[in-house]
Amino acid sequence: MSEDTRPERPDDADPSVDPGPRFRLGFVPGATPGKWARTWEQRLPRVPLDLVPVESADATTALRERTVEAAIARLPVDKDEFHAIALYDEVPMVVVARDHLLAATEESEHVTPADLAEDVLWVPDDDVLFTGDEPRPGTAPEAYDDGTGNLVTPAPATTAEAIAWAATGSGVVVVPMSLARLHRRKDVVHRVLDDGPEAPVGLVWLRDGLSEERGELVEEMVGIVRGRTANSSRGRAGESARASTKAASGKKASGGAAKKSGQPGGRGGAPGARRGAPPGRRGRPGGGKGRGKRR
């Protein structure tokens, strides 16, 4: 998809009306971009925000192919190709069957790698924790002969499948907290795993190749996830907010000047005029309360 591709128009749309820009924000499983989307809608109501789900392994590809302008993705990424802002680190959780010994612990209790020493650890193909040489708790699955003389090590294809395997009591799974909650099941429980690998999440976008317009919109999202106010935003929302503030300040100053110059509500008027007295009726000469003596 090219960078400046616009959404298709409805059949009855007026071709002379430009639908305007849209912003596509990708998000990986477990990420919850809702609060940022709501802020975007408040600040840029004229620029629709599309939330696009992407698999963790496909997030950078979606950015390269311009399927999305930015993504809430798993870190790290290639810093030579992408900008990234770290948002938060997810703690690891171990998922076990409901009849596992660890299921008898309180939800607030933590598990250590030593508690998993006798358990088989299922690592799915879409795993986002054990991506390097990190030490893995538990034991590795045993390889088996697939019938052709080749030894095959069993591995679930997805996190959902791995948790389904764990539910049978055949082993355990370690995943980030958000994925443990996303794939919650009645036949499993999850507990925080101490000393396990954390899962950092961040906002990611391309370093090069975005048009000026797309770059401005990315900057808007950067300001939102960083918690900038509308006035401090560097993009179009910030300019709009600052212009509104300036206009409001100008009206206030103009109103104050009008009052000082004798406009309604002010304290101006002819010198010596009394408060509440009609113009030109300053009282009788002599300032007395009674009438003058007749001659």
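Just so it is clear, the model here is predicted, and its values are computed rather than measured. (Residues numbered from 1 in each chain as written. Predicted model: local features only at pLDDT ≥ 70, side-chain atom pairs only at ≥ 80, totals over all residues. Heavy atoms only, no water.)

Participant: How should I be thinking about the packing of aromatic side chains in this particular structure?
Facilitator: Under the criterion given, the structure shown has two aromatic pairs. Taking the centre distance of 4.8 Å and the plane angle of 25 degrees together, the rings of F23 and W40 count as stacked. With a gap of 17 residues between them, F23 in strand β1 (residues 23-27) and W40 in helix α1 (residues 34-43) connect regions that are remote in the sequence. Neither residue differs from the other here; F23 and W40 are each classed as buried. (Phe/Tyr/Trp six-rings, centres within 6.5 Å; stacked < 30°, edge-to-face > 60°. Helix = DSSP H or I, 4+ residues; strand = E, 2+ residues; numbered from the N terminus. Buried < 20%, exposed > 50% of the residue type's maximum accessible area, 1.4 Å probe, protein only.)

Participant: Explanation requested: the nonpolar core in the structure shown.
Facilitator: Note that soluble globular proteins tend to have their nonpolar side chains buried in a common cluster. Grouped together as the largest cluster of nonpolar side chains are 34 residues, with contacts concentrated most on F23, L25, W40, L203 and M221. Counting residues per element, the ones that place at least two in this core are β1, α1, α2 (59-64), β3 (70-74), β4 (82-90), β10 (199-206) and α5 (212-225). The leading source of residues in this core is α5, at six residues. Aside from chain neighbours lying at most four places away, what touches F23 is W40, V47, P48, L49, D50, E69, A70, L217, V218 and M221. Membership of the second largest hydrophobic core comes to 15 residues, among which are V94, A103, V123 and L129. (Core = buried A, V, L, I, M, F, W, Y, C linked by side-chain atoms within 4.5 Å. Contact = heavy atoms within 4.5 Å.)

Participant: Got a minute to help me understand the side chain of E90 in this structure?
Facilitator: The residue E90 is located in strand β4 in this model. By relative accessible area, which is 7% here, E90 ends up buried. One polar contact links the side chain of E90 to the main-chain amide nitrogen of S178, over a distance of 2.7 Å. (Polar contact = N/O pair within 3.5 Å; in protein donor to acceptor, adjacent residues only side chain to side chain.)

Participant: Help me out: how do you make sense of the sheet that holds strand β9 (residues 188-192) in this one?
Facilitator: Strand order in the open sheet formed by three strands is β8-β5-β9, with antiparallel pairing between adjacent strands. Every other strand in the sheet has two partners, leaving β8 (173-176) and β9 as the edge strands with one partner each. Pairs of neighbouring strands in the sheet enclose a mean axial angle of 35 degrees, with direction left out of account. Note: strand β5 (residues 92-97) against β8, four bridges, orientation antiparallel. Bridge pairing in β8 links V94 to V174. (Pairing = 2+ DSSP bridges. Axes fitted to C-alpha atoms, helices over the stretch in contact; angles between N-to-C directions.)

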